[in-house]
Amino acid sequence: MLRLAPAAARTIVDMSYSRHFLDFQGSAIPRAMQKLVVTRLSPNFREAVTLRRDCPVPLPGDGDLLVRNRFVGVNASDINYSAGRYDPSVKTPFDVGFEGVGEVVALGLSASARYSVGQTVAYMSPGSFAEYTVVPASIATPVPSATPEYLTLLVSGTTAYICLKELGGLKEGKKVLVTAAAGGTGQFAVQLAKKAGCHVIGTCSSDEKSAFLKSVGCDRPINYNTEHVGTVLKREYPGGVDVVYESVGGAMFDLAIDALATKGRLIVIGFISGYQTPTGLSPVNAGTLPAKLLRKSARIQGFFLNHYLSEYRASMDHLVKMCTSGDLVCQVDLGDLSTEGRFTGLESVFRAVDYMYMGKNTGKIVVELPHPVNSKL
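Residues numbered from 1 in each chain as written. Predicted model: local features only at pLDDT ≥ 70, side-chain atom pairs only at ≥ 80, totals over all residues. Heavy atoms only, no water.

### What to know about the pattern of salt bridges
A complete count under the given rule lists 15 salt bridges for this structure. Note that Lys194 is salt-bridged to Asp219, the shortest N-O span being 2.8 Å. Of this pair, Lys194 sits in helix 5 (residues 186-195) while Asp219 sits in the loop between helix 6 (207-215) and strand 13 (220-223), and the two are 25 residues apart along the sequence. What makes Asp219 partly exposed here is its relative accessible area of 33%. Taking the shortest distance from any N to any O, the salt bridge between Asp327 and Lys195 comes out at 3.1 Å. Taken together, the positions of Asp327 in the loop between helix 10 (312-325) and strand 17 (332-333) and Lys195 in helix 5 put the pair 132 residues apart, joining distant regions of the chain. Beyond isolated ion pairs, a larger network of salt bridges with shared partners links Arg220, Glu227, Arg235 and Glu236. (Salt bridge = Lys/Arg side-chain N within 4 Å of Asp/Glu carboxyl O. Helix = DSSP H or I, 4+ residues; strand = E, 2+ residues; numbered from the N terminus. Buried < 20%, exposed > 50% of the residue type's maximum accessible area, 1.4 Å probe, protein only.)

Below you can see the structure in the form of structure tokens.
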């Protein structure tokens, strides 16, 4: 049972279980925290979201962890969430942010069977854009340290891994096209396809990103600002590509459809080019699509991570091992090269979203949440 201390800190007074609940080494859990809240439905993140500075720190239930977030991830779909596109019935205000990594600072009794205060965990759960987040212990993943590389795996890594494993049909010698290949999830699709023995082509927007893609095994980076993607694919891959991992939409989707080989497959994991529009969609040449698919016996399939959660824990555990062993590059972009510098603090989430939609990032965009110097975590 809990008692509020007179100062701005909370402690547990039931000493029989206090070691499970107290903040690590006695470091105080404050009563109030900052978090981002959607206060207006809009795909414009700055218009939709408000930084609230005096929110109560939530208390974990019996099977929950209270996580002090060290790093939180930015995703293209954050603006779909703020626009209410995933649940048309949603009402404001509601919390935002999909993923975080940090330390357990308090937990419920049942959760203490598997976790302890001070342990580092990563999680995918709504409400991560906050200094503290309550996370069901059943969905947390233990990680060796609170470093941003592990955060890259939660949405971006698992999307690539599960999607290609379940739908990609990857085999040695197959030609795989990854769009937005130097982004958060593209970087993993490139590496995983290469590990499967495939020839990998990746689109990107700069020579620096091309160099990064080569460093992680991409056989043919295409900088679409200096080369026309469709022309390159027709000239260098006249037989077409077998698999497309597609996240851009619009004109890039159309080019990818035209580049499919006989019996090729295109997997839609997103269409970021349309997310900022009122409808969330980008126009494609749908009128000719049935004929194009028929002529090549080709197919299109969508992939939404939430429909594959039965595969999530095993996939995450596998990716953590790969990351820890150095078998997987987990590129992090903390905004050090952005105009205003490193993404630090919840207020910088707004800048980080803008940075993503300007196409500036290489790898996963991550925001660091520093904590007071007197914190023992």
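### Looking at helix 9 (residues 289-296)
Each α-helix winds once per 3.6 residues, and so residues spaced three or four apart point in a common direction. Considered for burial, the residues of helix 9 that qualify are Leu289, Lys292 and Leu293. Each buried residue of helix 9 sits inside an arc of 95° when the element is viewed along its axis, so together they form one side. Turned more than 90 degrees away from the buried face of helix 9, the exposed residues are Pro290, Leu294 and Arg295. In this structure, the buried residues of helix 9 make contact with helix 8 (250-258) and strand 16 (299-302). Following helix 9 by one or two positions, Ser297 has its phi on the positive side, about 50°. (Arc of directions from axis to C-beta. Contact = heavy atoms within 4.5 Å.)

### Considerations on empty space enclosed by the protein
Overall, the coordinates contain one cavity of 30 Å³ or more when judged by the stated rule. Considering only enclosed or pocket space, the largest cavity measures out at about 40 Å³ in volume. Only helix 8 and helix 9 provide two or more residues apiece to the lining of the largest cavity. Sort the elements by how many residues they give to the lining of the largest cavity and helix 8 lands first, with four residues. Broken down by class, the residue content of the lining of the largest cavity amounts to three nonpolar, two polar and three charged. (1 Å grid on protein atoms, 1.4 Å probe; cavity = no way out; pocket = protein on both sides within 12 Å on 5 of 7 lines; lining within 4 Å. Points joined across faces, edges and corners; volume = space filled by probe spheres on them. Nonpolar A, V, L, I, M, F, W, Y, C, P; charged D, E, K, R; others polar.)

### Some details on the environment of Cys163
Assignment of secondary structure puts Cys163 in helix 4 (residues 148-168). When its relative accessible area of 0% is taken as the criterion, Cys163 is described as buried. Cys163 has contacts with Thr158, Gly168, Tyr245, Ile267, Ile269 and Phe303, leaving out every residue within four places of it along the chain.

### What about the environment of Asp354?
Note on placement: Asp354 falls in helix 11 (residues 349-357). A relative accessible area of 31% means that Asp354 is categorised as partly exposed. Counting along the chain gives 310 residues from Asp354 to Asn44, while the straight-line C-alpha distance between them is 9.7 Å.

### Description of the sheet that holds strand 16
Within the open sheet, the six strands sit side by side as 13-12-11-14-15-16. Their pairing is parallel. Each edge of the open sheet is held by one strand with a lone partner, namely strand 13 and strand 16. Strand-to-strand, the axes of this sheet are offset by a mean angle of 15°, without reference to chain direction. Of the strand pairs in this sheet, strand 11 (residues 175-178) and strand 14 (residues 241-246) are connected by three bridges, and their pairing is parallel. Each bridged residue has a counterpart across the sheet, and for Leu177 the counterpart in strand 14 is Val244. Sitting on the sheet, helix 9 touches strand 15 (260-268) and strand 16, and the angle it makes with strand 15 is about 130°. (Pairing = 2+ DSSP bridges. Axes fitted to C-alpha atoms, helices over the stretch in contact; angles between N-to-C directions.)

### Things to note about the sheet that holds strand 3 (residues 32-38)
On the basis of which strands lie adjacent, the open sheet formed by three strands has the order 4-3-6 and antiparallel pairing. A strand with exactly one partner marks an edge of an open sheet, and here the two such strands are strand 4 (49-56) and strand 6 (94-95). Both strand 3 and strand 6 contribute to a ladder of two bridges, which runs antiparallel. Considered in strand 6, the bridge of Val37 is made with Asp95.

### Focus: the layout of surface pockets
Here the second largest pocket is characterised by a volume of approximately 510 Å³. Lining the second largest pocket are 24 residues, and of these Asp333, Leu337, Ser338, Tyr355 and Lys360 lie nearest its centre. Elements that contribute at least two residues to the lining of the second largest pocket include exactly helix 6, strand 17 and helix 11. When residues in the lining of the second largest pocket are grouped by element, the largest group, three residues, is from helix 11. Here the lining of the second largest pocket is built from residues that sort into seven nonpolar, eight polar and nine charged.

### What to know about the packing of aromatic side chains
Within the structure shown, the criterion is met by nine aromatic pairs. Residues Phe45 and Phe129 carry aromatic rings whose centres are separated by 6.5 Å and whose planes lie at 85° to one another, so their mutual orientation is edge-to-face. Placement of Phe45 in helix 2 (residues 45-48) and of Phe129 in the loop between strand 8 (120-124) and strand 9 (132-136) is noted, with a sequence separation of 84 residues between them. Taken individually, Phe45 and Phe129 each receive the classification buried, so the pair is uniform in this respect. (Phe/Tyr/Trp six-rings, centres within 6.5 Å; stacked < 30°, edge-to-face > 60°.)

### Looking at the pairing of strand 12 (residues 199-204)
Across the six residues that make up strand 12, a large majority, five, are buried. Examined bridge by bridge, strand 11 and strand 12 share four bridges and lie parallel to one another. Bridged to Leu177 within strand 12 is Ile201. Once the chain exits strand 11 it traverses helix 5 before rejoining the sheet at strand 12, and the crossover so formed is right-handed. Sheet topology places strand 12 next to strand 13; four bridges connect them, and they run parallel. When the sheet's bridge partners are listed, Ile201 is paired in strand 13 with Arg220. The handedness of the strand 12 to strand 13 crossover, carried by helix 6, is right-handed. (Right-handed = clockwise from strand over helix to strand, strands pointing away.)

Note that every value here comes from positions in space, so none of it alone points to a role or purpose.
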